[in-house]
Amino acid sequence: QVQLVESGGGLVQPGGSLRLSCVASGSIFRVNAMGWFRQAPGKQRELVAHITSDGTTNYVDSVKGRFTISRDNAKNTVYLQMNSLKPEDTAVYYCNAEIYPTGRPTMSYFWGQGTQVTVSS
């Protein structure tokens, strides 16, 4: 079975940086699009950044110019470099991927467990 494992979350001061990583492992034939979502207390989950299989990226307006999503296809890994962090970036960040499992003809969506990012002085 496919698993997504996230790492890199933690506590950081305003203006600081964090780099989140998400590794997809298991019986994987192909990984298509990957992305990062976040959910702050009392708010709906939102898409933060998205990257397609050909490297095209999109970001929510609030993080443009500060966050960068990238991927390493050889490692089935997606990253989120977060710079100039603000308190309003505080949330649980979730990794998502569109994956074709080995031996199956259909694509499925998979989610990581979530990693806490707290921006506070």
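Refer to the structure presented above.
Here the structure is a predicted model, which means the values were calculated and not measured. (Residues numbered from 1 in each chain as written. Predicted model: local features only at pLDDT ≥ 70, side-chain atom pairs only at ≥ 80, totals over all residues. Heavy atoms only, no water.)

Participant: What's the story with the pattern of salt bridges in this structure? I'm lost.
Facilitator: Between side chains of opposite charge, a pair can form when the charged atoms approach closely. Taken as a whole and assessed by the stated rule, the structure comprises 4 salt bridges. The salt bridge involving Asp61 is made with Lys64; its shortest N-O contact spans 2.9 Å. Residue Asp61 is classed as exposed on the basis of its relative accessible area of 61%. Notably, a salt bridge pairs Arg66 with Asp89, separated by 2.7 Å at the nearest N-O pair. Note that Arg66 is positioned in the loop between strand E6 (57-59) and strand E7 (67-72) and Asp89 in the loop between strand E8 (77-82) and strand E9 (91-101), a separation of 23 residues in sequence. Each member of the pair, Arg66 as well as Asp89, carries the same accessibility label: buried. Each of the salt bridges in this network shares a partner with another, and the network as a whole consists of Arg38, Glu46, Arg66 and Asp89. (Salt bridge = Lys/Arg side-chain N within 4 Å of Asp/Glu carboxyl O. Buried < 20%, exposed > 50% of the residue type's maximum accessible area, 1.4 Å probe, protein only. Helix = DSSP H or I, 4+ residues; strand = E, 2+ residues; numbered from the N terminus.)

Participant: Any chance you could explain the pairing of strand E4 (residues 28-39) here in plain terms?
Facilitator: Of all 12 residues making up E4, 9 are buried, and the element is well covered by its neighbours. Where E4 meets E9, 9 bridges bridge the pair, whose relative direction is antiparallel. Pairing of Arg30 across the sheet is with Tyr100, part of E9. Pairing geometry for E4 and strand E5 (residues 46-51), over 5 bridges, is antiparallel. Paired with Trp36 across the strands is Ala49, a residue of E5. In textbook terms, the turn of a hairpin is the stretch between consecutive antiparallel strands, and for E4 and E5 this stretch comprises 6 residues, one of which, Gly42, has a positive phi near 75°. (Pairing = 2+ DSSP bridges.)

Participant: Hey, could you run me through the state of the cysteines in this one?
Facilitator: By definition, a disulfide links two cysteine residues through a covalent bond between their sulfur atoms. Summed over the entire model, instances satisfying the criterion amount to 1 disulfide. Between the sulfur atoms of Cys22 and its disulfide partner Cys95 the distance amounts to 2.1 Å. Given an S-S torsion of about -85°, the disulfide between Cys22 and Cys95 has left-handed geometry. With Cys22 in strand E3 (residues 18-25) and Cys95 in strand E9, this pair connects stretches of sequence that are 73 residues apart. (Disulfide = S-S within 2.5 Å.)

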